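Below, each chain spelled out in residue letters.
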Amino acid sequence: MAAAAAVDSAMEVVPAQAEEAAPETTGLSCLVQLPGEVLEYILCSGSLTALDIGRVSSTCRRLREVCQSSGKVWKEQFRVRWPSLMKHYSPTDYVNWLEEYKVRQKAGLEARKIVASFSKRFFSEHVPCNGFSDIENLEGPEIFFEDELVCILNMEGRKALTWKYYAKKILYYLRQQKILNNLKAFLQQPGDYESYLEGAVYIDQYCNPLSDISLKDIQAQIDSIVELVCKTLRSINSRHPSLAFKAGECSMIMEVELQSQVLDAMNYVLYDQLKFKGNRMDYYNALNLYMHQVLIRRTGIPISMSLLYLTIARQLGVPLEPVNFPSHFLLRWCQGAEGATLDIFDYIYIDAFGKGKQLTVKECEYLIGQHVTAALYGVVNVKKVLQRMVGNLLSLGKREGIDQSYQLLRDSLDLYLAMYPDQVQLLLLQARLYFHLGIWPEKSFCLVLKVLDILQHIQTLDPGQHGAVGYLVQHTLEHIERKKEEVGVEVKLRSEEKHRDVCYSIGLIMKHKRYGYNCVIYGWDPTCMMGHEWIRNMNVHSLPHGHHQPFYNVLVEDGSCRYAAQENLEYNVEPQEISHPDVGRYFSEFTGTHYIPNAELELRYPEDLEFVYETVQNIYSAKKESGAE
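Definitions and cut-offs
- Residues numbered from 1 in each chain as written.
- Predicted model: local features only at pLDDT ≥ 70, side-chain atom pairs only at ≥ 80, totals over all residues.
- Heavy atoms only, no water.
- Core = buried A, V, L, I, M, F, W, Y, C linked by side-chain atoms within 4.5 Å.
- Buried < 20%, exposed > 50% of the residue type's maximum accessible area, 1.4 Å probe, protein only.
- Contact = heavy atoms within 4.5 Å.
- Pairing = 2+ DSSP bridges.
- Helix = DSSP H or I, 4+ residues; strand = E, 2+ residues; numbered from the N terminus.
- Axes fitted to C-alpha atoms, helices over the stretch in contact; angles between N-to-C directions.
- Arc of directions from axis to C-beta.
- Salt bridge = Lys/Arg side-chain N within 4 Å of Asp/Glu carboxyl O.
- Polar contact = N/O pair within 3.5 Å; in protein donor to acceptor, adjacent residues only side chain to side chain.
- Phe/Tyr/Trp six-rings, centres within 6.5 Å; stacked < 30°, edge-to-face > 60°.
- Lys NZ or Arg CZ within 6 Å of the ring centre and 35° of its normal.

- An unreviewed UniProt entry lists the protein chain under the name F-box protein 21, from Jaculus jaculus.

What follows is the structure in structure tokens.
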């Protein structure tokens with residue numbers, strides 16, 4: 001109902017400018033005689049809606065002129081309604097604000113219409129590969145559509161959960177597509193274009209598309225660190241040439257002694273004053289690779305700390321270079337004469353992870369505990385640096401246990417294949433991942449599948465992968481056949497005799513007796529429906545009632561989905577919201593004591609909601625009464 005009301009409230013229509021009508025009252029005659037600035041002030045007071053402005057402008061020529069489409073009145077209407085969009089307009093641009101208002105409003109209605117359709121279309125499966133095709137074909141500015149999705153996400157916290165769930169997915173997709181296109185264009189830059197920070201920010205943005213991350217903001221934070229370094233540098237050498245550099249200037253200092261002064265000042269500011277440090281305690285955390293998080297948390301791993309250090313040094317005229325050293329990313333600092341033939345011993349190697357420590361070749365090998373060839377001390381380009389960053393994310397994605405959507409693995413695969421689209425093993429991994437998650441196109445019976453496209457590409461690149469490709473093709477086609485045979489929605493009625501032992505209902509907040517986790521029920525079976533191998537691995541036979549008891553699908557507060565036996569669950573006497581990313585897929589609202597199923601889940605369990613109300617009344621009302629006594 002809340003979602004429907006939201007749609008209705010958005011159906012406000014801005015009327016067309018009507019023909020002039022003569023003022024008929026004394027009040028109106030007085031009003032139109034006021035100066036234009038005063039009229040604009042009155043009409044921009046904030047109490048009038050767009051509908052009111054449309055009516056006012058229809059009364060006479062004078063008010064129609066004041067409410068001209070490109071004037072202050074309609075600009076204020078637009079600003080009040082959608083304040084976050086104003087940053088996209090330049091004060092010097094001519095804008096038809098009335099037209100912008102209409103286009104933005106239409107985009108909002110289209111966005112809500114699409115969001116409302118997603119739950120019905122994709123409740124039983126992940127949003128498929130071509131599920132966003134409707135969005136890609138929308139007319140009008142994409143920023144308007146995105147702004148409406150953000151408005152949906154900012155609706156009252158405990159309501160419209162299903163709308164928020166799908167709005168988030170759509171927004172995630174739209175922004176990732178835009179970022180991926182930007183990254184591909186970035187990778188096409190000439191070889192001498194070396195903006196390591198820009199590439200790292202694209203990776204950060206792609207993995208965190210809902211966060212407000214921009215190169216401009218990150219550069220501003222780095223500029224503030226540079227200012228602190230300059231302040232320290234001034235105390236070391238008040239006439240240092242780096243102090244005269246202007247913002248954005250790409251000058252380099254050639255004297256090693258002057259470079260050394262910059263590095264000393266940097267080490268003091270970064271590691272002593274700002275307390276940046278390598279994250280040894282939580283090394284395998286994806287946050288260590290996101291530049292905005294490195295700046296916020298002031299910690300990272302060797303490659304992210306090195307990129308920060310490199311960026312600051314280059315802004316101050318020290319030409320450090322990235323070294324793709326095995327197991328530990330480093331920077332190198334040239335000590336040899338300009339134009340001379342140099343080898344690896346003509347450089348000092350800087351460990352930004354280790355507080356800017358300066359290392360010799362032998363110390364570098366001691367750092368990783370092995371001897372390496374001279375080639376591994378060489379400088380690498382932007383693409384190789386990004387490849388290593390994404391490779392780290394890919395490794396972390398493979399380690400994911402709780403996040404059953406494997407979002408980090410999917411994101412890192414997308415990024416890696418954007419840089420190296422012919423990596424056979426990663427293409428196979430992506431195909432397996434799609435197969436595992438069931439991310440199929442909406443028209444499953446059509447052979448033009450994402451998975452089949454990937455497999456065909458693999459076969460072309462490496463015919464030796466025939467066995468793996470054949471296996472996945474076979475299972476993909478089997479899935480298509482199963483989808484053809486599926487009939488209707490399975491409805492479970494509590495009143496049926498075979499369900500008489502089911503004690504709990506969807507939407508109830510439960511607690512696991514053995515492990516203590518909080519969860520919400522989103523499905524149930526009269527007996528365990530898992531296979532013999534799962535039953536054996538989970539030691540279900542050791543339970544007093546074994547597998548011959550109801551089992552419940554639950555969303556757990558740690559982000560996992562589990563299948564719990566009835567005897568292991570109990571009512572949570574202090575119910576709380578469950579912070580699980582898929583809550584909105586199944587529920588529309590949290591009431592404070594339980595979740596209300598959305599239309600699709602209620603269709604599958606039509607008798608559960610009434611039971612939930614009775615349970616809540618008995619459990620929580622009785623608790624309040626006993627507390628009052």
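Still to come is the rest of the account.
1. Examining the nonpolar core
Phase 1: Ranked by size, the top nonpolar core spans 74 residues in total, and within it M266, Y309, I312 and L320 carry the most contacts.
Phase 2: Once residues lying within four places of it in the same chain are set aside, the contact partners of M266 are V229, Y271, Y309, I312, A313 and L316.
Phase 3: By size, the runner-up hydrophobic cluster in this structure holds 31 residues, among which are L508, L569, Y586 and Y595.

2. Some remarks on the sheet that holds strand β10 (residues 561-565)
Phase 1: If you trace the five strands from one edge of the open sheet to the other, you get β10-β9-β8-β7-β11, paired in antiparallel fashion. Of all the strands in the sheet, the pair left with one neighbour each is β10 and β11 (569-571). Here the average twist between neighbouring strands, direction ignored, is 50 degrees.
Phase 2: With three bridges connecting them, strand β7 (residues 509-512) and β11 associate as antiparallel partners.

3. Some details on unusual backbone geometry
Phase 1: If you check the backbone angles, K275 has positive phi at about 65 degrees while not being a glycine.
Phase 2: Mapped onto the fold, K275 is located in the loop between α13 (256-273) and β1 (277-278).
Phase 3: Non-glycine residue R298 carries a positive phi angle of around 60 degrees.

4. Focus on helix α3 (residues 36-43)
Phase 1: Every buried residue of α3 is accounted for by L39, E40 and L43. The arc that holds the buried residues of α3, viewed along the axis, is 100 degrees, so those residues lie on one side. For α3, exposure combined with an orientation more than 90 degrees from the buried face picks out E37 and Y41.

5. What to know about the side chain of T162
Phase 1: Tracing the backbone through its elements, the reader meets T162 in helix α10 (residues 161-187).
Phase 2: On the accessibility criterion, T162 (9% relative accessible area) is buried.
Phase 3: For T162, the residues in contact, after removing those within four places along its chain, are S119, G584, F587, S588 and N598.

6. Focus on the pairing of strand β9 (residues 551-556)
Phase 1: Of all the six residues making up β9, five are buried; the element is thus mostly covered by neighbouring parts of the structure.
Phase 2: Bridge count between strand β8 (residues 518-525) and β9: six bridges; the pairing is antiparallel. Along β9, the bridge assignment pairs V520 with L555.
Phase 3: Examined bridge by bridge, β9 and β10 share five bridges and lie antiparallel to one another. Counterpart to V554 in the pairing with β10 is R562.

7. Quick notes on the pattern of salt bridges
A side chain with one charge can pair with a side chain of the opposite charge if their charged atoms come near.
Phase 1: As enumerated under the stated definition, the model contains 14 salt bridges in all.
Phase 2: Here R104 ties to D147 by a salt bridge, and the two come within 3.0 Å at their closest N and O atoms. Of this pair, R104 sits in helix α7 (residues 97-122) while D147 sits in helix α9 (residues 142-153), and the two are 43 residues apart along the sequence.
Phase 3: The buried category is assigned to R104, whose relative accessible area is 1%.
Phase 4: You can call D147 buried: its relative accessible area is 8%.
Phase 5: A salt bridge links R104 to E148; the shortest N-O distance between them is 2.8 Å. Placement of the pair is R104 in helix α7 and E148 in helix α9, with a sequence separation of 44 residues.
Phase 6: Judged by its relative accessible area of 6%, E148 falls in the buried class.
Phase 7: Among the ionic contacts, a cluster of salt bridges with common partners joins R104, R112, D147 and E148.

8. Focus on the side chain of N518
Phase 1: Checked against the element boundaries, N518 lands in strand β8.
Phase 2: At 3.3 Å, the side chain of N518 forms a polar contact with the side chain of K511.
Phase 3: In this structure the side chain of N518 is engaged in a polar contact, spanning 2.7 Å, whose partner is the side chain of N572.
Phase 4: When neighbours within four sequence positions are excluded, N518 is seen to be in contact with M510, K511, L555, V556, E557, N572, Q576 and I578.

9. Considering the packing of aromatic side chains
Phase 1: All told, the structure shown has 25 aromatic pairs when counted by the stated rule.
Phase 2: Relative to W97, the ring of F78 lies with its centre 5.4 Å away and its plane at 55 degrees, an arrangement referred to as tilted. Here F78 is found in helix α6 (residues 72-81), whereas its partner W97 is found in helix α7, with 19 residues between them in sequence. Residue F78 shares its accessibility class with W97, and that shared class is buried.
Phase 3: An aromatic cluster is built from W74, F78, W82, Y89, W97, Y101 and F144, whose rings are joined through pairwise contacts.
Phase 4: Residue placement shows R332 over the ring face of Y347; its charged tip is 4.0 Å from the ring centre.
Phase 5: The side chain of R494 reaches across the aromatic face of F611, ending 4.0 Å from its centre.

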